[in-house]
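Coordinates in review
Spelled out, the chains give:
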Amino acid sequence: MTIRDAAAHFRARSKVLPVNAPLQAAILTTVGTGKTELMLQALAEFNLPLADKRVHVFVPDNTLSGELLDRARAILPPEANARLHRGRKDEVLGDPPCHPSMHATVDLVEELGASASDLVCPNCPFADTCEWKAQTRDDAPGVVIMPHAYATLPAGGRCDVAVVDEDIVLSLHRFRTVLVSRLNPAEYPKMPSGVRGWAAGNEMQLQACFDLHNARKTLWQASDSGTRVPTLPALRAAGLTPQLAKLAASIEYGRSEGINATLAVELGQGGDADEIRGRMATAIADYGDARKHAKLWKTLEAQLRLPEDARRTLNGWTIADAPNRHGGSDRLIIVNDRARLKFEDKPLLVLDATGDRSLLTLAFPHLSRVVRAAADAPHAHVVQAIDTKNGKRALVDQSTDSEEVKKEKAARRRRVVEVTEVLSAGRKAGLLSYLGVEESSEVANAPPHILPGHYGRLRGQNKWADVHVLAVAGRVMPRAAEVESIAGGLFYDQPEAVGNGGFIGTAIGAYHMRNGETVEAHVETHSSPVVEQVRRQITESELVQAIGRARSVRRGRDNPVVVAVLTSTPVPGLLVDALVTFDDLVPNKPELNFARTGAHLDRPQHAFRAFCGLFETEEAARKAYKRMPSGTSPYKKYIKGSVPLGSVKYRLAGDRQRGATATFDLSRIPDPRAWLTERLGPLAVYEMAETPMGNWSSSDTIRSLEVVTEAAQRPSPKSPRHCAISSKKRPVPAPRCADVRKPATCQQVVSRSKRQLTDQ
């Protein structure tokens, strides 16, 4: 189908928002297909009575909220009353909704687990003009756009229909640290008075204290006095039941109410946040961590309710030693879990480019339909470096680095910038990498036509939609222990065992070439299949998002894009045109000079005179030209016909002058004769033949979205098997003889790519 038909197809499948039943659906589509705008169009066309119903649209952050609001107001009818709910401290879209003078007090209240709306807002001197307070009172129908952070707050659940744009599952991960010594049953827990009918020494308070002590004693026994993470069989053998864990959590929440009561009194007495904290020191020391303990018991309750034969390990728990302020160390239990969405029982539509169904169902337990849509990008020319990861440790300075190591990293960052320069040849380009790279002096000093960005803040961003070149350097690769903690939290109440102590190794994957060839590659994979699902969402999915910033699927013949993937990690769904080494892309002086100036002179002595400061001496120029690979031309390195080139033959005036040639980027130097005369002197001969712009697209039309349901997908016999370590091999149907093709090696493809570059 055409892309216009595909858009209509998408809108039709977006109309899955009935208000009489909690139907939940997800549409997973290629980055850049305009899914958010299509959703708004579908919402406008759908017969949902927006004047009576409330629709919440969740986007990754406040910046995207503002961008989406403009589009929503242009597309939706006036009765939709499209509006924003912002974060309390958001300054991206204007002054923060909460007055800055109240931030420290509100931070203290929320740190202690209390509600700022209940304890601070009623007596706030700025309540009458507070945008934050107005948001909490807003219960009107219409379309409300808000950041993902609202999805787990009560305000996020006050809707009739929810739309979630971009991945939200990983953001639901939560972790808390609990001092092991605070669970020691040698001491009875301290209990507040004045809450839940508890009074000093009364029967209710003593019973709660005894029950909590009993629960702590069973946990202490099962964990060998807090020295190891207990197993589920050990917890059951020690006498911890789901009912006892639930009771312990309830008592801990009661203890946390003591903090709230004390906090309310101290807020009434006035003072700044530090003064209030000082007056509450005793209460904080006694039961300031009660809410953390309650969450600990809640994770135990959920896992103890699993069938006894489901698994032995306790998901989401680790024990570690951490330095304390006294110069010693404390033993901590780190508890990971998953926050729940406040609208999980409402009709909803999920829009994502990189979602994984098994992970989506953790956040959306009633998800009943998943539709996938894939779009090709024939007007994108993709090159990928296969000999380097360009990892964070190779590009970003660390506090422990020596001066020599810092110089090496700076040189590598400079090469990444130069690769972007030479590919873009002065045109608008994007460079996406780590935050530390974006903040480095090498990127700060890059030409202004290079727009930087960093992982973690890319989803939904459109600032790179019209770049000529997009360079993506490195990839997000968490440590094995980090991704295990995240997976343990997300799967804490699931039957799948996560465990700790795994490793990230290598397995066999593939690069998928645009010509249909598959090239064997080494891919990183975690030893646990469950953890590997999460690692892929962190690493490969973020690469997909980064590459998608160029909106390649929306490019045509008149606005192609070059995408340089400067990491060897294979990217799911990406068709690669050329596999190269990183050094193949790093420019030499003449190549970089053409990118910066738009001119290349084939005689080194002329280059020495024309480009002041490029070479120290004429002999240095000759040596630089001599080092250039035979048959290559700096101005053709991946420009691929998208720059208007003018080829000039000239001879300088005077005796014994030989003919020479030069090439110019006519978009920057429209008058080569004047340029040559100004720098080299009068010309005796000048002839120019403009090189017409070419078109390097691999197809004449963009292949439309190909929509298939999750259930209808089948593995292709031509796709190589991806072998994840520690996962069992499943029988694969034998392919037909005509389908069998021996995968090329990276060395063979890189050699072929080099020959093609030389021929251009």
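Heads up: the structure comes first, above all this text.
Since this is a predicted model, take the numbers as computed values, not measurements.

**Overview of the overall build of the chain**
- Counting its secondary structure elements, the chain contains 26 helices and 24 strands.
- Burial analysis of the chain (760 residues in total) assigns 52% to the buried set.
- For the chain, long-range pairs separated by at least 24 residues make up 75% of all intrachain contacts whose partners lie at least 6 apart in sequence.
- Carbon together with sulfur atoms contributes 51% to the accessible area of the chain, which is approximately 35,000 Å² in total.

**What to know about the side chain of Asn336**
- By secondary structure assignment, the location of Asn336 is in strand S8 (residues 329-338).
- Asn336 sits in the buried class, given a relative accessible area of 2%.
- Of note is the side chain of Asn336, whose polar atom sits 2.8 Å from the side chain of His173.
- Residues within four places of Asn336 in sequence aside, it is in contact with His173, Arg174, Phe175, Thr299, Gly316, Ser485, Gly488, Gly489 and Tyr492.

**Regarding the environment of Gly426**
- Position of Gly426 among the secondary structure elements: in the loop between helix H15 (403-424) and strand S12 (429-433).
- Since its relative accessible area comes to 33%, Gly426 is described here as partly exposed.
- Between the C-alpha atoms of Gly426 and Thr597, which are 171 residues apart in sequence, the distance is 7.9 Å.
- If near-sequence neighbours (up to four positions away) are discounted, Gly426 is found in contact with Glu421, His449, Ala595 and Arg668.

**Details of the state of the cysteines**
- On inspection of all chains with the given rule, the structure shows 0 disulfides.
- Free cysteine: Cys121, not disulfide-bonded; nearest cysteine sulfur from Cys130 at 6.0 Å.

**Re the pairing of strand S5 (residues 161-165)**
- Summarising burial for S5: 5 of the 5 residues are buried, a large majority.
- A two-sided burial pattern is seen for S5, the buried positions comprising Val161, Val163 and Asp165 on one face and Ala162 and Val164 on the other.
- As defined by bridge partners, strand S2 (residues 54-59) adjoins S5 across 4 bridges and the pair is classed as parallel. Counted as the bridge partner of His56 is Ala162 from S5.

**Regarding the packing of helix H19 (residues 529-538) against helix H20 (residues 540-548)**
- Closest axis-to-axis distance for the H19/H20 pair is 3 Å, and the angle between their directions is 20°. Judged by the inter-axis angle, H19 sits roughly parallel to H20. Contacts from Arg535, Arg536, Gln537 and Ile538 in H19 reach Glu540, Ser541 and Glu542 in H20.
- Classifying every residue of the contact of H19 with H20 by side-chain character gives 1 nonpolar, 2 polar and 4 charged.

**Overview of the pattern of salt bridges**
- One pass over the full model with this rule turns up 42 salt bridges.
- Notably, a salt bridge pairs Arg71 with Glu37, separated by 3.9 Å at the nearest N-O pair. With Arg71 in helix H3 (residues 62-75) and Glu37 in helix H2 (residues 35-45), the pair connects residues that are 34 residues apart, well separated along the chain.
- The exposure class of Glu37 is partly exposed, given its relative accessible area of 32%.
- Residues Glu540 and Arg535 are paired through a salt bridge, measuring 3.1 Å at the closest nitrogen-oxygen approach. As far as the burial class goes, Glu540 and Arg535 line up, both buried.
- A network of salt bridges, in which partner residues are shared, links Lys35, Glu166, Asp352 and Arg459.

**Here we look at H15**
- Between its first and last C-alpha, H15 extends 32 Å over 22 residues, near the 32 Å set by a 1.5 Å rise per residue.
- Just downstream of H15 lies Ala425, where phi reads positive at about 50°.

**A few points about the sheet that holds strand S13 (residues 450-454)**
- Taken in spatial order, the 6 strands line up as S13-S12-S14-S17-S11-S19 in an open sheet, and their pairing is parallel. In the strand order of this sheet, the two ends are held by S13 and strand S19 (578-580), each with one partner. For this sheet, the mean inter-axis angle between neighbouring strands, taken without regard to orientation, is 15°.
- Sheet strands in contact with H15 are S12, S13, strand S14 (469-473) and strand S17 (561-566), and its direction is about 155° off that of S12.
- Set on the sheet, H20 makes contact with S12, S14 and S17; between it and S14 the angle comes to about 160°.

**Things to note about the environment of His85**
- Along the polypeptide, His85 turns up in the loop between strand S3 (83-84) and helix H4 (103-111).
- Classification of His85 by relative accessible area gives buried; the value is 4%.
- Separated by 60 residues in sequence, His85 and Ile145 place their C-alpha atoms 6.2 Å apart.
- Once you skip the residues sitting within four places of it in the chain, His85 turns out to touch Arg54, Gln135, Asp138, Val144, Ile145, Met146, Pro147 and Tyr150.
- Polar contacts involving the side chain of His85 include one to the side chain of Asp138, which spans 2.9 Å.

**Re unusual backbone geometry**
- Despite not being glycine, Asp224 has its phi angle at roughly 50°, a positive value.
- Since its relative accessible area comes to 40%, Asp224 is described here as partly exposed.

**Focus on the pairing of strand S7 (residues 317-323)**
- By the bridge criterion, 7 bridges tie S7 to S8 in an arrangement that is antiparallel. Looking at S8, one finds that Pro323 is bridged to Ser329.
- Counted along the chain from S7 to the antiparallel partner S8, the turn is 5 residues long, and its residue Gly327 has a positive phi close to 90°.

**A few points about the sheet that holds strand S6 (residues 173-179)**
- Sheet architecture is open: 3 strands sit in the order S6-S8-S7, paired in antiparallel fashion. Only two strands of the sheet have a single partner each, and these edge strands are S6 and S7. Across this sheet, the average inter-strand angle for adjacent strands is 30°, counted without regard to direction.
- Where S6 meets S8, 7 bridges bridge the pair, whose relative direction is antiparallel. Bridge assignment links His173 to a residue of S8, and that residue is Arg338.
- Contacting S6 and S8, helix H18 (residues 480-490) runs over the sheet at an angle of about 50° to S8.

**Considering the packing of H2 against H3**
- Two numbers describe how H2 lies on H3: the axes approach to 10 Å, and their chain directions differ by 35°. Considering the relative orientation of H2 and H3, their crossing is right-handed. Judged by residue contacts, Thr36, Glu37, Leu40, Gln41 and Ala44 of H2 engage Leu68, Arg71, Ala72 and Ile75 from H3.
- A per-class count over the contact of H2 with H3 returns 5 nonpolar, 2 polar and 2 charged.

**Notes on the environment of Asp577**
- For Asp577, the location among the structural elements is in the loop between strand S18 (575-576) and S19.
- Given the relative accessible area of 22%, Asp577 is considered partly exposed.
- C-alpha of Asp577 to C-alpha of Val382: the two residues are 195 residues apart in sequence and 5.2 Å apart in space.
- In this view, Asp577 contacts Ala380, His381, Val382, Met513 and Arg514; residues no more than four positions away in its chain are not counted.
- A distance of 2.8 Å separates the side chain of Asp577 from the backbone nitrogen of Val382, its partner in a polar contact.
- Engagement of the side chain of Asp577 in a polar contact is seen with the side chain of Arg514, the distance being 2.8 Å.

Cut-off values and rules
Residues numbered from 1 in each chain as written. Predicted model: local features only at pLDDT ≥ 70, side-chain atom pairs only at ≥ 80, totals over all residues. Heavy atoms only, no water. Helix = DSSP H or I, 4+ residues; strand = E, 2+ residues; numbered from the N terminus. Buried < 20%, exposed > 50% of the residue type's maximum accessible area, 1.4 Å probe, protein only. Contact = heavy atoms within 4.5 Å. Areas by Shrake-Rupley, 256 points an atom, 1.4 Å probe, with all protein chains shown as cover. Polar contact = N/O pair within 3.5 Å; in protein donor to acceptor, adjacent residues only side chain to side chain. Disulfide = S-S within 2.5 Å. Pairing = 2+ DSSP bridges. Axes fitted to C-alpha atoms, helices over the stretch in contact; angles between N-to-C directions. Parallel < 35°, antiparallel > 145°, perpendicular 65-115°, else oblique. Nonpolar A, V, L, I, M, F, W, Y, C, P; charged D, E, K, R; others polar. Salt bridge = Lys/Arg side-chain N within 4 Å of Asp/Glu carboxyl O. Expected span 1.5 Å × (residues − 1). Left-handed = near helix turned anticlockwise from the far one by under 90°.

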